[in-house]
Amino acid sequence: MSDALNMSVSQIFKQEGKKFAFVSFSDGVRMAEGKIPDCKITANKGFSQEEIVQLEEYMGKELMRLKNMAASVRVMDAFLA
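Quantities reported herein were computed from a predicted structural model and do not represent experimental measurements. (Residues numbered from 1 in each chain as written. Predicted model: local features only at pLDDT ≥ 70, side-chain atom pairs only at ≥ 80, totals over all residues. Heavy atoms only, no water.)

A look at the overall build of the protein chain
Here is step 1: What the protein chain contains, in helices and strands, is three helices and five strands.
Here is step 2: For the protein chain, buried positions account for 26% of its 81 residues.
Here is step 3: Long-range contacts, defined here as pairs at least 24 residues apart, represent 29% of the contacts in the protein chain between residues at least 6 apart.
Here is step 4: If you sum the accessible surface of the protein chain, you get close to 5600 Å²; carbon and sulfur atoms cover 53% of it. (Helix = DSSP H or I, 4+ residues; strand = E, 2+ residues; numbered from the N terminus. Buried < 20%, exposed > 50% of the residue type's maximum accessible area, 1.4 Å probe, protein only. Contact = heavy atoms within 4.5 Å. Areas by Shrake-Rupley, 256 points an atom, 1.4 Å probe, with all protein chains shown as cover.)

What follows is the structure, given as structure tokens:
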């Protein structure tokens, strides 16, 4: 993976009583999107299988931090700014 990998975390969603959020990774050319707390990549464009495994491992190791980031996302703030 390149050092210039950007990551973003969505707000928390709730469906059928289960909470989840999305984590996106991009380096400007390639992109991948994963879902937490499953820590699985659900969409990939350009990352190798080895890199996908590394991204999933990263999500697993940083799960609590990613959950906290998702909990702090306030979508409505974007409309009020």
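Remarks on the side chain of Glu 56
Here is step 1: Secondary-structure assignment places Glu 56 in helix H1 (residues 49–61).
Here is step 2: Lys 40 provides the closest opposite charge to the buried, unpaired Glu 56, separated from it by 4.3 Å.
Here is step 3: Contacts of Glu 56, omitting those with residues within four sequence positions, involve Cys 39, Lys 40 and Ile 41. (Lys, Arg positive; Asp, Glu negative; His and termini not counted. Salt bridge = Lys/Arg side-chain N within 4 Å of Asp/Glu carboxyl O.)

Remarks on the pattern of salt bridges
Here is step 1: This structure, assessed with the given rule, holds three salt bridges.
Here is step 2: Salt-bridge contacts for Glu 51 lead to Arg 30; the nearest nitrogen and oxygen are separated by 2.9 Å. Taken together, the residues Glu 51 in helix H1 and Arg 30 in the loop between strand S3 (18–26) and strand S4 (31–36) connect sequence positions 21 residues apart.
Here is step 3: Residue class for Arg 30 comes out buried when judged on its relative accessible area of 16%.
Here is step 4: With its nearest N and O atoms 3.0 Å apart, the salt bridge here joins Glu 62 to Arg 65.
Here is step 5: A residue is classified by how much of its surface remains accessible, and Arg 65, at 38% relative accessible area, is partly exposed.
Here is step 6: One network of salt bridges, in which partners are shared, links Asp 27, Arg 30 and Glu 51.

Some thoughts on the pairing of strand S5 (residues 40–45)
Here is step 1: Inspection of the sheet shows S4 paired to S5 by five bridges, in the antiparallel sense. Its bridge partner lying in S5, Ala 32 is registered against Asn 44.
Here is step 2: As consecutive antiparallel partners, S4 and S5 are separated by three residues, and within that stretch Cys 39 has a phi angle of approximately 55°, a positive value. (Pairing = 2+ DSSP bridges.)

Quick notes on the nonpolar core
Here is step 1: Among the nonpolar cores identified, the biggest contains 15 residues, and Val 23, Ile 36, Ile 41, Leu 55 and Met 59 are the most heavily contacted of them.
Here is step 2: Contributing elements (two or more residues each) for this core: S3, S4, H1 and helix H2 (63–72). (Core = buried A, V, L, I, M, F, W, Y, C linked by side-chain atoms within 4.5 Å.)

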